[in-house]
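Below, each chain spelled out in residue letters.
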Amino acid sequence: MCMVDLEKASGAGPQRDAEGCLAVAIRLPVRIVVLVLVVPVRMVWDALVVAGRFLRDTVLRPVGRALAWLGRAVFVWPLVGLWRYVVVPLARGVGWLGRVLLVVPAVWLYRWVLTPVGHGIAWFCARAGAVVAAVGRGLYVALAWLGRYLVVVPAVWLYRGVLTPVGHGIAWCGRQVARGVRLVLTGVGFVLYWTVRVLLVLPALAVWRWVLTPVGRVLAVVGREVAAAAGHAWRIAGHLSRAVGRFLATVLRWTVAEPARWVYRSVLTPVGHAVRGAVVRPLAEAGRSVGRATRQALASARLTARQARADVRRMLFGEPAERRPVDRREPSAAEARTLGSSTTALTKD
């Protein structure tokens, strides 16, 4: 199985035909070396995974649950009680006090003092603003007229008669200078281009094409084969680790688990049954008998105490009056007339 995995190609048939002799030559040695290096690492990794799962299930999870319960008992529940029974009532009291002492007076002050004062100030500012606006419009008209005839008209004349011809001349001179500079720079750039091309670009292109590209291809083939070999070796190491784990589990089962199960089933279970039949059951029966006797004694004591209380009540207060049953049937016509006549006589008296 190991040899089959080692000789198995990473791709399909056409890809193997397309591979070079270098990949075929380095594949088998690289896979053998990687397998020898990866198998101990994979076995150690599987052992660490098993130990970590056992530690998580037996130690970390119970400890985490205990710490979570302890955290709730120490922090969460006291904080919740403090918030619910101290902070919230105190905040409500402070809020009510602030509303009574601050909000209500502030609202009253705003409604009956600040609002009328603000309305008066707004009215005064509106009137004063109208006066200032009228004065400002007059000043703006005067300043605009003065600025037009003192600044704008002379500036337009200066721009049309003086600055425009001077600017046209300066622009023509600048264009001529720029044309000359552009010609000079074009020649210098042409010379520098061919100098850099001959001295740097062509040698760098040759180095890239004839040195770096073949070396890169070789390194790519080596890296691909090393990665494929590592994958195959990791899978083979997983199968070996699983086989070793199953062997160790079988050994532990036949050396520890099966003897312990045989001892439990053949020795401890009969001993436990014997102890239960000879000791536990008689003790349970004795306990139940004592319980029944105790309950009967307590019941008789309660009955005696109840009778004694009844005798003392009769000696002090006498026999209780007997309750007569109430006749709930409908009265007949004769009884109704007799009852009506007696009620009328009592009314006249």
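Residues numbered from 1 in each chain as written. Predicted model: local features only at pLDDT ≥ 70, side-chain atom pairs only at ≥ 80, totals over all residues. Heavy atoms only, no water.

Observations concerning the overall build of the protein
Point 1. Within the protein, the secondary structure is distributed over four helices and zero strands.
Point 2. In the protein, the order of α-helices and β-strands from amino to carboxyl end is α-α-α-α.
Point 3. In the protein, which comprises 349 residues, the share counted as buried stands at 7%.
Point 4. In the protein, once contacts between residues fewer than 6 apart in sequence are set aside, the share between residues at least 24 apart is 74%.
Point 5. Per element, the accessible surface of the protein, about 29200 Å² overall, is 72% carbon and sulfur. (Helix = DSSP H or I, 4+ residues; strand = E, 2+ residues; numbered from the N terminus. Buried < 20%, exposed > 50% of the residue type's maximum accessible area, 1.4 Å probe, protein only. Contact = heavy atoms within 4.5 Å. Areas by Shrake-Rupley, 256 points an atom, 1.4 Å probe, with all protein chains shown as cover.)

Focus: the packing of aromatic side chains
Aromatic ring pairs are defined here through the distance separating the ring centres and the angle between the ring planes.
Point 1. Under the defined criterion, the tally for this structure stands at four aromatic pairs.
Point 2. With 6.3 Å between their ring centres and 90 degrees between their planes, W69 and W77 make a pair best called edge-to-face.
Point 3. Judged by its relative accessible area of 47%, W69 is partly exposed.
Point 4. You can call W77 partly exposed: its relative accessible area is 47%.
Point 5. Here W145 and Y149 contribute two aromatic rings whose centre-to-centre distance is 5.3 Å and whose plane-to-plane angle is 50 degrees, an arrangement assigned as tilted. Residue W145 and its partner Y149 are both found in helix 3 (residues 21–317); the two are separated by four residues, about one turn of the helix.
Point 6. Among the aromatic residues, ring-to-ring pairing joins F190, Y193 and W194 into one connected group.
Point 7. The cationic tip of R148 hangs over the ring face of Y149; the distance from NZ or CZ to the ring centre is 5.9 Å. (Phe/Tyr/Trp six-rings, centres within 6.5 Å; stacked < 30°, edge-to-face > 60°. Lys NZ or Arg CZ within 6 Å of the ring centre and 35° of its normal.)

Points about the pattern of salt bridges
Point 1. A complete count under the given rule lists five salt bridges for this structure.
Point 2. Close ionic contact of R42 with D46 constitutes a salt bridge, the shortest N to O distance being 3.3 Å. Of this pair, R42 and D46 both sit in helix 3, four residues apart, which is roughly one turn of that helix.
Point 3. Taking relative accessible area as the criterion, D46 reaches 18% and is therefore assigned buried.
Point 4. In this structure, the salt-bridge partner of E285 is R288, at a minimum N-O distance of 2.4 Å. Placement of both E285 and R288 in helix 3 is noted, with a separation of three residues, approximately one turn of the helix.
Point 5. A relative accessible area of 42% places R288 in the partly exposed class.
Point 6. Salt bridges linked by common partners bring R56, D57 and R61 together as one network. (Salt bridge = Lys/Arg side-chain N within 4 Å of Asp/Glu carboxyl O.)

Here we look at the nonpolar core
Point 1. Listed in full, the nine residues of the largest apolar core are V30, V34, L35, V38, V39, A229, A233, I236 and A237.
Point 2. Apart from residues no more than four positions distant in its own chain, V34 is found in contact with A229, A230 and A233. (Core = buried A, V, L, I, M, F, W, Y, C linked by side-chain atoms within 4.5 Å.)

So, a positive patch on the surface
Point 1. A cluster of basic residues, R302, R306, R309 and R313, forms a positive patch at the surface.
Point 2. Among the structural elements, R309 can be located in helix 3. (Patch = residues over 30% accessible without salt bridge, like charges linked within 9 Å, V, L, I, M, F, W, Y side chains within 5 Å. Lys, Arg positive; Asp, Glu negative; His and termini not counted. Charge placed at Lys NZ, Arg CZ, Asp CG, Glu CD.)

Topic: the confidence of the model for the protein
Point 1. Per-chain confidence: the protein averages 82 in pLDDT, with 83% of residues scoring 70 or above.
Point 2. Here helix 1 (residues 2–7) stands out as the element of the protein with the lowest mean pLDDT, 39, in contrast to helix 3, whose mean of 87 is the highest.
Point 3. Below a pLDDT of 50 lies the segment residues 1–18, which in the model reaches 18 contacts outside its immediate sequence neighbourhood of four places, other chains included. (pLDDT = per-residue confidence, 0-100.)

Describing the side chain of S241
Point 1. For S241, the position within the fold is in helix 3.
Point 2. Polar contacts involving the side chain of S241 include one to the side chain of D46, which spans 2.4 Å.
Point 3. Ignoring anything within four residues of it in the chain, the contact list for S241 reads R42, M43 and D46. (Polar contact = N/O pair within 3.5 Å; in protein donor to acceptor, adjacent residues only side chain to side chain.)

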